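Observations on the model geometry
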Amino acid sequence: MTTSEPLHNIHFFEPLDESQLARIRETTREIRLGAGEPLFAQGDRAQQFFMLLEGSIKLFLLSREGEEKVIEVVRPRQFFAEAVMFMEHGRYPVNATALGESRLLAFDDRTFLDLLQESPGLTLRMLAAMSRRLHALVREIDELSLHNATYRLVTYLLQQDRTEEGRIDLFIPKQIIASRLSIKPETLSRILARLREEGLVDVTGDRVTLIDEAALRALLAH
C-alpha cells in the first residue's frame, strides 16, 4: 500500500481487526489523477472499488451521439463502484473521470469479498451504505421525473454546504451541474438569472449566495 491514509480512521472499516486491516493495506493502492484523466470506462472489468480522498470524480454515461449524462459527482470521503463487485457480469456500468486534480484509494474486490464473509459487522455496514445510496437514487429519480428545472436547481442549491452568509462555492463547472440535473446549460443560466432578478440569489462567477432562503424553499412547495 503506497498511501499513508490510516484505514482505521475510515468509519467504514471500524468493524475490522488489525489483521484484517493489514490484508486490506496489502492490496490497496493510491491513485492520483489530473484534471480530465479517466479512472475507468464503461464496460471495463471491475476488480476494484474506490474512496476519494481529494478532488472530485464525475460518473457519467455517453449517448450514441457522444453527449454526456452525469450520473453523480463523487466528493471526498465518498466510496464508489463498490456495488459492482456483486454484479454478475463484473463490469463498470459507467465512466469515471477526474474533474480536477484528484487522489483516491483503490480497494481490491476479491480481498473485500473475503472479509465480508468473515465480518458480519462489515457486511451490515456495506448493506446500510448501499441502502442509503438506493434511497438517494429513488429520491433523485422522483425529483428528475416529477419536477421542473427550477425545482431541481433550487433543491440542488439548498443541499450544498454554505457559509453563515449563505455563500456557496460551486466546486464543479455549471455545465456538469446542468447535466447532473438533466437540464441544458443555457436553461441553468436562465434560471439563475431569474432568481437573481427576483432577489433570491446573487451569482458571481462560480459563487452563489442565497439571499432569501425562505423564498427559495417556498418555490419547492408549489
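In the block above lies the structure referred to throughout.
Report on the accompanying structure. Since the structure is predicted, the reported quantities are computational estimates derived from the model, not experimental observations.

1. What to know about the layout of surface pockets
If you add up the space inside the largest pocket, you get close to 920 Å³. Together, 30 residues line the largest pocket, and Glu72, Val73, Gln78, Ala136 and Arg180 are the ones closest to its centre. Listed by contribution, the elements that provide at least two residues to the lining of the largest pocket are β5 (68-74), α3 (120-146) and α4 (149-159). Broken down by class, the residue content of the lining of the largest pocket amounts to 14 nonpolar, 4 polar and 12 charged. When its volume is computed, the second largest pocket comes out at roughly 370 Å³. Counting residues per element, the ones that place at least two in the lining of the second largest pocket are β5 and α3. No other element matches α3, which puts 4 residues into the lining of the second largest pocket. Across the lining of the second largest pocket, the residue classes break down as 14 nonpolar, no polar and 3 charged.

2. Some thoughts on unusual backbone geometry
Phi angles above zero are rare outside glycine, and arginine 77 is one such case at about 75°. One can find arginine 77 in the loop between β5 and β6 (79-80). Its identity is not glycine, yet alanine 81 carries a phi of approximately 70°, on the positive side.

3. Re the nonpolar core
Residues Phe13, Phe50 and Phe80 are the most contacted members of the largest nonpolar core, which totals 40 residues. With 5 residues, the single largest contributor to this core is strand β3 (residues 48-54).

4. Comments concerning the packing of aromatic side chains
Two numbers describe a pair of aromatic rings. These are the distance of the centres and the angle of the planes. On inspection of all chains with the given rule, the structure shows 11 aromatic pairs. Consider the rings of phenylalanine 13 and phenylalanine 112, whose centres lie 6.3 Å apart with planes at 65°: the pair is edge-to-face. Taken together, the residues phenylalanine 13 in the segment before α1 (18-27) and phenylalanine 112 in helix α2 (residues 109-118) connect sequence positions 99 residues apart. When its relative accessible area of 1% is taken as the criterion, phenylalanine 13 is described as buried. Phenylalanine 112 sits in the buried class, given a relative accessible area of 2%. When the centroid spacing of 4.9 Å and the interplanar angle of 70° are considered together, the rings of phenylalanine 49 and phenylalanine 112 count as edge-to-face. One end of the pair, phenylalanine 49, is in strand β3; the other, phenylalanine 112, is in helix α2, with 63 residues separating them in the sequence. Site record: aromatic cluster; members linked through ring pairs are Phe13, Phe49, Phe79, Phe107 and Phe112. Positioned above the aromatic ring of phenylalanine 171, the side-chain terminus of arginine 75 is 3.6 Å from the ring centre.

5. Focus on the pattern of salt bridges
The final tally for this structure, using the stated rule, is 13 salt bridges. Its salt-bridge partner being arginine 103, residue glutamate 54 comes within 3.1 Å of it at the nearest N-O pair. Pair noted here: glutamate 54 is in strand β3 and arginine 103 is in strand β8 (residues 102-108), with a separation of 49 residues, a long-range link. Note on arginine 103: relative accessible area 14%, which makes it buried. The shortest N-O distance in the salt bridge between lysine 58 and glutamate 68 comes to 2.8 Å.

6. Details of the sheet that holds β8
The sheet built from 4 strands is open, its strands ordered β1-β8-β3-β6 with antiparallel pairing. Edge positions in the open sheet fall to β1 (29-33) and β6, since each of these has one partner strand only. Along the sheet face, α2 touches β3 and β8 and points at about 55° away from the line of β8.

7. Describing the sheet that holds β5
Here we have 4 strands laid out as an open sheet, ordered β2-β7-β4-β5, and antiparallel in their pairing. Sheet topology places β2 (38-40) and β5 at the edges, where each strand pairs with a single neighbour. Along the sheet, successive strands turn relative to each other by an average axial angle of 30°, direction set aside. As defined by bridge partners, β2 adjoins strand β7 (residues 95-98) across 2 bridges and the pair is classed as antiparallel. Within the sheet, the bridge partner assigned to phenylalanine 40 lies in β7 and is alanine 96.

Calculation criteria
- Residues numbered from 1 in each chain as written.
- Predicted model: local features only at pLDDT ≥ 70, side-chain atom pairs only at ≥ 80, totals over all residues.
- Heavy atoms only, no water.
- 1 Å grid on protein atoms, 1.4 Å probe; cavity = no way out; pocket = protein on both sides within 12 Å on 5 of 7 lines; lining within 4 Å.
- Points joined across faces, edges and corners; volume = space filled by probe spheres on them.
- Helix = DSSP H or I, 4+ residues; strand = E, 2+ residues; numbered from the N terminus.
- Nonpolar A, V, L, I, M, F, W, Y, C, P; charged D, E, K, R; others polar.
- Core = buried A, V, L, I, M, F, W, Y, C linked by side-chain atoms within 4.5 Å.
- Buried < 20%, exposed > 50% of the residue type's maximum accessible area, 1.4 Å probe, protein only.
- Phe/Tyr/Trp six-rings, centres within 6.5 Å; stacked < 30°, edge-to-face > 60°.
- Lys NZ or Arg CZ within 6 Å of the ring centre and 35° of its normal.
- Salt bridge = Lys/Arg side-chain N within 4 Å of Asp/Glu carboxyl O.
- Pairing = 2+ DSSP bridges.
- Contact = heavy atoms within 4.5 Å.
- Axes fitted to C-alpha atoms, helices over the stretch in contact; angles between N-to-C directions.

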